[in-house]
Amino acid sequence: MRDSEARPPSTGGEAAEEARERESGNGGADRGECRGEYGRAVREPDGKRHDAASIRLLIVEDDPEWVRSMTLYLEAEPDLVVAGWAAGPEQALDAARSLDFDAVLMDIQLGDGMRDGIAVAADLLELREVPIVMLTSVGDEAMMTRSFGAGAASYVEKSRYADLPAAIRDAVRRPAPMQALLKEFRRLKREERLQPLTPAEREVFELIEDGRTQAEIGRKLFKSESTLKNQVNRILKKLGASSSREAVRRLRRGDDREPDGGEQR
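Predicted model, so just to flag it, every value in this text is computed and none were measured. (Residues numbered from 1 in each chain as written. Predicted model: local features only at pLDDT ≥ 70, side-chain atom pairs only at ≥ 80, totals over all residues. Heavy atoms only, no water.)

### With respect to the confidence of the model for the protein chain
- Residue-level pLDDT values for the protein chain average 78, and 72% of them are 70 or greater.
- The secondary-structure element of the protein chain with the lowest mean pLDDT is helix α1 (residues 14-23), recorded at 49, while strand β1 (residues 55-60) shows the highest, at 95.
- Throughout residues 39-48 the model reports pLDDT below 50, and contacts reaching past four residues in sequence, or to other chains, amount to 37 contacts.
- Throughout residues 258-265 the model reports pLDDT below 50, and contacts reaching past four residues in sequence, or to other chains, amount to 19 contacts. (pLDDT = per-residue confidence, 0-100. Helix = DSSP H or I, 4+ residues; strand = E, 2+ residues; numbered from the N terminus. Contact = heavy atoms within 4.5 Å.)

### Looking at the pattern of salt bridges
- Counted under the stated rule, the structure contains 17 salt bridges.
- Note that Asp116 and Arg146 form a salt bridge whose closest N and O atoms lie 3.3 Å from each other. Residue Asp116 is located in the loop between β3 (103-107) and α4 (117-127), and its partner Arg146 is located in helix α5 (residues 141-149); the two are separated by 30 residues in the primary sequence. Side by side, Asp116 and Arg146 carry an identical accessibility label, which is buried. (Salt bridge = Lys/Arg side-chain N within 4 Å of Asp/Glu carboxyl O. Buried < 20%, exposed > 50% of the residue type's maximum accessible area, 1.4 Å probe, protein only.)

### Brief notes about the sheet that holds β3
- On the basis of which strands lie adjacent, the open sheet formed by 5 strands has the order β2-β1-β3-β4-β5 and parallel pairing. Two strands bound the open sheet, and with one partner strand each, they are β2 (80-86) and β5 (154-157). Ignoring which end each strand starts from, the neighbouring axes of this sheet average 25° apart.
- Running at roughly 150° to β5, α5 makes contact with β4 (132-136) and β5 of the sheet. (Pairing = 2+ DSSP bridges. Axes fitted to C-alpha atoms, helices over the stretch in contact; angles between N-to-C directions.)

### What about the packing of helix α10 (residues 225-239) against helix α11 (residues 244-253)?
- Running from N to C, α10 and α11 point in directions that differ by 40°, and their axes come no closer than 10 Å. Taken as axis vectors, α10 and α11 run oblique relative to one another. Considering the relative orientation of α10 and α11, their crossing is left-handed. Taken together, the residues of α11 that come into contact with α10 (itself represented by Val232, Leu236 and Leu239) are Ser244, Ala247 and Arg250. (Parallel < 35°, antiparallel > 145°, perpendicular 65-115°, else oblique. Left-handed = near helix turned anticlockwise from the far one by under 90°.)

Okay, here's the thing in structure tokens:
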């Protein structure tokens, strides 16, 4: 989290106080222990019963105070359990490979911003199909559009933390019509980004997206090496990417920013 004008509540703030009041009389001692390793409980469950109906959460956030506060607040709910905390992109992807969780709370602004939460969400979804609720300190329509284009299930401003329990439940138990709408939105955004490509270039790009090498594509489409290389270069120019890998990743992330360069074709 980087926006100081919209900081989330701290462990001593409004959210924590509300959680403590809700837990009074239920053995809700101070359970604010926060551990920075992915896959570790953010705090001990303190006797709370975690049954099959519970929704297990992974929080991806680089502000430990916000994690402590939200863990205390969310676990006051009877069906929400914080399974772990990842402070950065690599920890989040490691958790996706090894930790058991049902949904993710993903901060949009992580670390130095080189891999923001939207990009991490897209990478995580390649490993695990789980609902992701994006979190931000400021309302931004472009960020919201990018989030849904990258596969997010929901988007909540941190100042509206009271909406999180309902947003999490809706994302996990989303009705089929809403799932269909989100799927169609992502399809339309994909078509919009690929619109500059000719049918022949689109065919080549989709094979690249499937993980085919240029040699394999050339054999499949009966194209010479030079013809295919020229097509790939035109594709990259139209999509604003410096490599095939970057083009695929940016499409999946819904990233319309300038290319970062440096990758090999």
